[in-house]
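The chain contents come next:
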Number of protein chains: 2
Amino acid sequence: IADVSPIGDFDLAAVYVSDAQYNRNIFFDTTPQAIRLYLLYNHWGLQILVYAFILVDLALAIFEDPAVVPLPIWVTSVIELVCLAAFTARLVHYAKVIPRERFWKDPKNICIFAIILLSLVDMIIYGALKASGFYAVRWSRVLRPLLLVNITEGRQLRRAFRSIRNALPQILYVFLLFMFSVLMFSLMALKLFGKRGLKTIEGRPYFTNYLEIVFDLYVLVTTANSPDIMMPAYNFSVYFAVFFITYILINTYIFMSVFLAVVYNNYKKYLKEEVRKLVRAKRHKMVRAFGVLQERKGEGEPVVSQACWNQLVRLVQPDISNAHRELLWSVSDDNNKGCIGKVAFVQLADLLNIQVIMMKSRPHPLKTWLPSLYLSSPSRLVCRMVQHKAFMYTYDLIILVNAVFIGLDEEDPLIANVEWAFLVLYLLEILLKLYSFEPRAFFSRHQFWNCDLSKYNIQLNCPFLSILDIVFILRILRLIRVVDNIKRFRAIINTLIKIGPTILTFGQLIVVVYYIFAMVGMELFKGKIRFFEANSTDPDKAFCGNPLLKNSVFAKHNYCKNNFNNVVSSFILLLELTVVNQWHDILFKAWENTDIKMFFVLFHIVVVIIIINIFIAFVLEAFFVEYTVDQSNLQSSLEKKIEELELGLSACFLPGYKTVDGLLQRMFEADLDPEDFADDEDFDPNNPSNLNFPNPNFDSV
Amino acid sequence: IADVSPIGDFDLAAVYVSDAQYNRNIFFDTTPQAIRLYLLYNHWGLQILVYAFILVDLALAIFEDPAVVPLPIWVTSVIELVCLAAFTARLVHYAKVIPRERFWKDPKNICIFAIILLSLVDMIIYGALKASGFYAVRWSRVLRPLLLVNITEGRQLRRAFRSIRNALPQILYVFLLFMFSVLMFSLMALKLFGKRGLKTIEGRPYFTNYLEIVFDLYVLVTTANSPDIMMPAYNFSVYFAVFFITYILINTYIFMSVFLAVVYNNYKKYLKEEVRKLVRAKRHKMVRAFGVLQERKGEGEPVVSQACWNQLVRLVQPDISNAHRELLWSVSDDNNKGCIGKVAFVQLADLLNIQVIMMKSRPHPLKTWLPSLYLSSPSRLVCRMVQHKAFMYTYDLIILVNAVFIGLDEEDPLIANVEWAFLVLYLLEILLKLYSFEPRAFFSRHQFWNCDLSKYNIQLNCPFLSILDIVFILRILRLIRVVDNIKRFRAIINTLIKIGPTILTFGQLIVVVYYIFAMVGMELFKGKIRFFEANSTDPDKAFCGNPLLKNSVFAKHNYCKNNFNNVVSSFILLLELTVVNQWHDILFKAWENTDIKMFFVLFHIVVVIIIINIFIAFVLEAFFVEYTVDQSNLQSSLEKKIEELELGLSACFLPGYKTVDGLLQRMFEADLDPEDFADDEDFDPNNPSNLNFPNPNFDSV
């Protein structure tokens, strides 16, 4: 009775499932040729290649003027042209995959197109101006990080930017109120302190210029100039401290908390909405895949047979083991009917995203080769000993003692020799464990802790950071193993590891913002401050090569390397500004004009008030999820199944998800209706390209 | 058919309702005599008196050695004895109210008893030692702030402390992990930088002593020594910056967020549990009150008649207006039956806690006295003009212009005269509004904004802070009125006002902790640093009277007034440490031994990591409630009733609650079952003193 689906249908269904699995929302043509092109477009190799080209493009800042490692203009230009060609090729490929009218409607394609075009124009203008000896600026470099946002793979990043953009109005209201409060307090400060003839430590008049007061009090919100800003008034009269205490309470504590509250609340609200859309889109794609493969058995509901399903899974994930696939099937087909309905089929995308390591628990190879020796009573004693908890504790203790020795003076030859003894002990541990555990089980369980290089004390001396240093660090990292053995700590560490991938999204967000600020900063401030090596005897060293900095805090604190002279030091300077402390000293006198203050205040608002708060909000939310929910429903039903089936398998779940969306989806799982297939009633399996596909609108930033 | 309850029953019921209203959980005797004593105990006058005595007791630190204003020992001792006598009297009063075995089971009574006893012992020892010329310490002063926690009225404070205590284990685990990370990074830092012979700006060896590294990196978590701590390594090689960036990312950003997450999560969890208990206890008390007053009409459910209810409300709140009382009744008796059942009766406590201002909308007095004049067309024009929005905007503009003039130089006689013009304008505004609005409505609506003293430029010159200064500040506060007129801002401001009362609880919490640290700090460090007035010519001034501070950052930054020489400067110093910035400079070299570091690290953990995070958690939660829920159910049903009844009343709800618990209860309203009367089935109205009263356990800290 069942119609066997043609091969082409399987390809299409596999693409739908794979899109659902990775939350791709691309509206592709469904002709077999277009599907093949689309599969190529999504090939991991090409994706990595695109990221590599973006990385090279961004890294060009290291070689362009002002450069860390100067290269001739023609070299960097050629590299940039190659990169641009690669982006163009990728864009053309994308245009072949999706219908033309769709291509030009999508703002992110237009964005990439514009970036490529503007970069070319900029390169031509720059080359022409330079050739004729004029001053020229490579302004298009500011656009480069936007590529990260607008490529098809930058989904998470786009989502983060959208969340920020949506939260902006609310943040703005609080910010205006906050600025109003700062302005009002500044007015009070002017009236209270302006006329008293007080002086700051540097001998400047204290609180006499309104705009300077506003800036100083803004800095006080970041706590960077506390208590210095208060001291002249406080030294004058203790009552004036009340002013500053009130200010700090209202603006530093209450308003900053309100910022966090507003950012948190809005971020959560919009993210929830996005995740809801995402899950609906995912279900739709799965319903489409189901529609392609479905068969009707008699009068019943349409179903997908196990054979079909197997072929599909093999297509979607060619490297899946048979045992793993059977496990997933038995979770889907809970009642052993040999076929599954729509609801069970839709789960597949999520099931494939749970990382399961399947291992046949097989006997130790020695047991097979030398059973008499391996099963003798001394050998058994060794195995029991190694498997005993005391063995683990002993080695924890050894690692701790080792840590103490690492801390001790290494010049002492005795201690250097003790280090060799520890090495022998660690080797012994590995051998003993290999002896008593099945090797594959041992390696998969300890893959993280045994991989450290600490056992190989390679003696190589680089000028600054030797491999020896890295080995030291790795040896110290071994201490983590001790902590990880304690259950309470492991729970916290696991949560930290789980939020790891999403921190990468924030990392990209930060890189985009930093890169833009660094490019602008470099054009504005390059060469204003010079750094002199420690052994330099140049008299300019005392003021970082800038006479304005004579006797300044900046020069006294040896801040000369905090400058915009190249992209690396710019990034580190921006990081210091993110940490906020001393930022007024870092920027204050060094940069001639006062417009620079706006540059830094803007940076503070964007990075500290918005992005860092979103980061905190994310960590908070992730921890709450970890504290309240223990495992997702699918994970626990998978585990139950493994126990039920007694498959002779030991499956272990890795903490973490294959995709970042996994964590997001879990965050809002409670709010998602598992049976919500929305408007899939009007979905026609014969025409999957109908236009009601409820794509979340993925516009660019 | 209905039995009329005797007078004594009303007293008892009123006490129950009042206890429910203010969330008092005191197990009192129910004899008429004990009830009278209990009513006296709860009299607001006595409560204020107790707080006044505690305030005096705490304020004694100002007069005791090391004193701000020195007083002879016998004076402070006599005052303290009077305070102790007052506390004893209060305790004895309490003992008379509740059963004896209950009294001695309650840890907070034992606590107060112990504090009184220990204070007496300490005073005797101190007096004896001083008289014989020995060195003596008033150690019992540390105990004084605990009175705030343990008096019957300190419910909110006890609850806050309990929440902290319950969250401690979780915080401890994260803290241990965090300290482990700091220790590990310190070990790495020792290995990476220790051998390179680097120097700090002060010329000390850089990162050579393990314990000092731990401390420095702990300070880096608070960002106080960023980027100084990094500069020597960064100047040496740019690669070393990676170490600090990793450290800041992990320990400053991730771990500090995790602390907030853990504190937030636990605080919320336990607070929810407490509020649940509180609401149940409140309902129980109301059920008891109902049990005392209930009548049976035929076969139906027991009810309370309107007459009974009226008498009860009049007893509970003697100052309630008839209109207000009728309004509350009509909300309770929604169907106009003339009597209410248990569920409606139980609401009473919450209804009484909603602040309603009742105003008869009556005609303007001028309309009654001079109708022909007041209703003439010019007079009407004036009224329409004043009531028009443009009038408000005009005055907003005037206030803004005034603000600009305030900012301008006042020496100029022209500007001083312009100020008089503004004064006239403000007076005109008040007169016009009094003319066109009914005076009572005007005053109640504008009570806040019209109360500022700004209209009276009293010319009094104190040495430091003149009344003129205060007038200036108040004039600037008028600007708030402008912002408050914008709807978006008002929502935020209202939320801030609503969380105001609870911030007072945190204020008390902070005072308790600060006081204890100040007392300990004063004993340990008094007199180590001296402050010299600006006109002093003492050569010791350059190093704050402590040779150890020669050429230190502390002396250079004029930090001499940051000392423990008296209770006021101790508090300000502790506040600076709470703000965290520069704390290592404030404490580092000034205090001889390194034990002081422990004192400050402990302070940081207690105040910044725990209390400030709880404060932030509270603000977050309060804002979420405000963003999601608009009004409590009771408030909206009250409003609906007012509209329905067209009572000829205009009621206005004040933002805020009569009790702090109101906000807390609303926070968790969604999670509370409105019909949950728990085990009130086994409640016997004839024996209200049965022992299953589900009191939340109110143990002391």
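As annotated in an unreviewed UniProt entry, chain A carries the name Two pore segment channel 3 and comes from Oncorhynchus kisutch. Checking UniProt for chain A, the heading Subcellular location (unreviewed entry) contains the comment "Membrane".

(A) Representation of the overall build of chain A. The helix and strand tally for chain A stands at 32 helices and 5 strands. Considering chain A as a whole, with its 701 residues, one finds that 53% of them fall into the buried category. Counting contacts in chain A only where the partners sit at least 6 residues apart, residues at least 24 apart contribute 74% of the total. As presented, chain A carries roughly 32,000 Å² of accessible surface, and 64% of it is formed by carbon and sulfur atoms.

(B) Representation of a nonpolar patch on the surface. On the surface, Trp 104, Ile 110, Phe 113 and Leu 117 of chain A cluster together to form a nonpolar patch covering roughly 390 Å² of accessible area. For the nonpolar patch, the element with the most residues is helix 6 (residues 107–131) of chain A, which contributes 3 residues.

(C) Seen up close, the packing of aromatic side chains. All names here are of chain A. Enumeration according to the criterion identifies 76 aromatic pairs over all chains in this entry. Pairwise contacts between aromatic rings join Phe 185, Phe 193, Tyr 206, Phe 207, Phe 236, Phe 240, Phe 243, Phe 244 and Tyr 247 into one cluster. The ring of Phe 27 has Arg 102 lying over it, and the distance from NZ or CZ to the ring centre is 4.1 Å.

(D) Structural view of the interface of chain A and chain B. Contacts between chain A and chain B engage 89 residues on the former and 89 residues on the latter. Counting the contacts that link chain A with chain B gives 14 residue pairs in polar contact (both at pLDDT 80 or more). Its residues assigned to classes, the side of chain A that touches chain B comprises 61 nonpolar, 16 polar and 12 charged.

(E) Representation of the side chain of Ser 226 of chain B within the structure. By the element assignment, Ser 226 of chain B lies in the loop between helix 9 (210–221) and helix 10 (231–236). By relative accessible area, Ser 226 of chain B is classed as buried at 2%.

(F) How the structure looks around the sheet that holds strand 3 (residues 339–340) of chain B. Residues and elements named next belong to chain B. Ordered in space as 1-2-3, the 3 strands form an open sheet in which the pairing is antiparallel. The open sheet terminates on both sides in strands that have one partner only, identified here as strand 1 (295–296) and strand 3. Relative to the sheet, helix 11 (residues 240–293) contacts strand 1, strand 2 (302–305) and strand 3, its axis offset from that of strand 2 by approximately 80 degrees. Sitting on the sheet, helix 12 (residues 306–316) touches strand 1, strand 2 and strand 3, and the angle it makes with strand 2 is about 60 degrees.

(G) Spotlight on the nonpolar core. Of all hydrophobic cores here, the largest spans 375 residues; its most connected members are Phe 193, Phe 244 and Phe 345 of chain A together with Phe 193, Phe 244 and Phe 345 of chain B. Tallying contributions element by element places helix 11 of chain B first for this core, with 26 residues.

(H) How the structure looks around the pattern of salt bridges. Under the defined criterion, the tally for this structure stands at 37 salt bridges over all chains. Of the charged contacts, one joins Lys 433 of chain A and Glu 429 of chain A as a salt bridge, the two residues approaching to 3.4 Å between their closest N and O atoms. Of this pair, Lys 433 of chain A and Glu 429 of chain A both sit in helix 20 (residues 413–436), 4 residues apart, roughly one helical turn. When sorted by exposure, Lys 433 of chain A lands in the same class as Glu 429 of chain A, which is buried. The residue Arg 530 of chain B makes a salt bridge to Asp 540 of chain B at a minimum N-O spacing of 3.5 Å. Of this pair, Arg 530 of chain B sits in the loop between helix 26 (500–525) and helix 27 (553–556) while Asp 540 of chain B is found in the loop between helix 26 and helix 27, placing the two residues 10 residues apart along the sequence. For Arg 530 of chain B, a relative accessible area of 37% translates into the label partly exposed. On the accessibility criterion, Asp 540 of chain B (25% relative accessible area) is partly exposed. Taken together, the shared-partner salt bridges connect Asp 57, Glu 64, Asp 65, Glu 80, Asp 122, Arg 138, Arg 141, Arg 144, Glu 523 and Lys 526 of chain A into one network.

(I) Quick look at the state of the cysteines. All names here are of chain B. All chains considered together, the criterion is met by 2 disulfides over all chains. A sulfur-sulfur distance of 2.0 Å marks the disulfide that ties Cys 544 to Cys 560. Disulfide Cys 544 to Cys 560: torsion about the S-S bond roughly -65 degrees, handedness left-handed. Highlighted residues: Cys 544 in the loop between helix 26 and helix 27 and Cys 560 in the loop between helix 27 and helix 28 (567–579), separated in sequence by 16 residues. A relative accessible area of 0% means that Cys 544 is categorised as buried.

(J) Structural context of the pairing of strand 2 (residues 302–305) of chain A. All names here are of chain A. Alternating positions in strand 2 separate into two faces, Pro 302 and Val 304 on one and Val 303 and Ser 305 on the other, with burial throughout. Note: strand 1 (residues 295–296) against strand 2, 2 bridges, orientation antiparallel. Considered in strand 2, the bridge of Glu 295 is made with Val 303. By the bridge criterion, 2 bridges tie strand 2 to strand 3 (residues 339–340) in an arrangement that is antiparallel. Note on strand 3: the bridge partner recorded for Val 304 is Ile 340.

(K) Structural detail: empty space enclosed by the protein. In this structure the tally under the stated criterion is 15 cavities of 30 Å³ or more. In this structure, the largest cavity spans a volume of roughly 1,100 Å³. Taken together, 36 residues line the largest cavity, and the ones lying closest to its centre are Thr 223 and Ile 616 of chain A together with Thr 223, Met 256 and Ile 616 of chain B. Among the secondary structure elements, those contributing two or more residues to the lining of the largest cavity are helix 11 (241–293), helix 28 (567–579) and helix 30 (595–628) of chain A together with helix 11, helix 28 and helix 30 (595–628) of chain B. Its residues placed into classes, the lining of the largest cavity shows 21 nonpolar, 15 polar and no charged.

(L) Structural context of a positive patch on the surface. Residues and elements named next belong to chain A. A cluster of like positive charges, contributed by Lys 389, Lys 487, Arg 488 and Arg 490, occupies part of the molecular surface. Of the residues forming the positive patch, the biggest block, 3 residues, is contributed by helix 25 (residues 487–498). Counting through the fold element by element, Lys 389 comes out in helix 19 (residues 389–407). Accessibility expressed as a relative area gives 56% for Lys 389, which makes it exposed.

(M) Representation of the relation of the copies chain A and chain B within the structure. Superposing chain A onto chain B takes a rotation of 180 degrees combined with a translation of 0.0 Å along the rotation axis, leaving an RMSD of 0.1 Å. The transformation just described matches what one would write down for a two-fold rotation axis. When the interface residues of chain A are mapped onto chain B, 100% of them are again interface residues, pointing to one common binding face.

(N) Highlighting unusual backbone geometry. Cis rather than trans, the peptide bond between Asp 65 of chain B and Pro 66 of chain B has omega equal to -5 degrees. Structurally, Pro 66 of chain B can be placed in the loop between helix 3 (44–59) and helix 4 (73–97). For the bond running from Ser 226 of chain B to Pro 227 of chain B, omega is -5 degrees, close enough to zero to count as cis. The backbone of Asn 336 of chain A sits at a positive phi, close to 55 degrees, despite the residue not being glycine. By the element assignment, Asn 336 of chain A lies in the loop between helix 13 (322–332) and strand 3. With a phi angle near 55 degrees, Phe 207 of chain B is a residue other than glycine that sits in the positive phi range.

Conventions we followed
Residues numbered from 1 in each chain as written. Chains lettered and ligands numbered in written order. Predicted model: local features only at pLDDT ≥ 70, side-chain atom pairs only at ≥ 80, totals over all residues. Heavy atoms only, no water. UniProt positions renumbered as here; feature names shortened; annotations may be inferred. Helix = DSSP H or I, 4+ residues; strand = E, 2+ residues; numbered from the N terminus. Buried < 20%, exposed > 50% of the residue type's maximum accessible area, 1.4 Å probe, protein only. Contact = heavy atoms within 4.5 Å. Areas by Shrake-Rupley, 256 points an atom, 1.4 Å probe, with all protein chains shown as cover. Patch = residues over 30% accessible without salt bridge, like charges linked within 9 Å, V, L, I, M, F, W, Y side chains within 5 Å. Salt bridge = Lys/Arg side-chain N within 4 Å of Asp/Glu carboxyl O. Phe/Tyr/Trp six-rings, centres within 6.5 Å; stacked < 30°, edge-to-face > 60°. Lys NZ or Arg CZ within 6 Å of the ring centre and 35° of its normal. Polar contact = N/O pair within 3.5 Å; in protein donor to acceptor, adjacent residues only side chain to side chain. Nonpolar A, V, L, I, M, F, W, Y, C, P; charged D, E, K, R; others polar. Pairing = 2+ DSSP bridges. Axes fitted to C-alpha atoms, helices over the stretch in contact; angles between N-to-C directions. Core = buried A, V, L, I, M, F, W, Y, C linked by side-chain atoms within 4.5 Å. Disulfide = S-S within 2.5 Å. 1 Å grid on protein atoms, 1.4 Å probe; cavity = no way out; pocket = protein on both sides within 12 Å on 5 of 7 lines; lining within 4 Å. Points joined across faces, edges and corners; volume = space filled by probe spheres on them. Lys, Arg positive; Asp, Glu negative; His and termini not counted. Charge placed at Lys NZ, Arg CZ, Asp CG, Glu CD. Least-squares fit on C-alpha atoms with pLDDT ≥ 70 in both.

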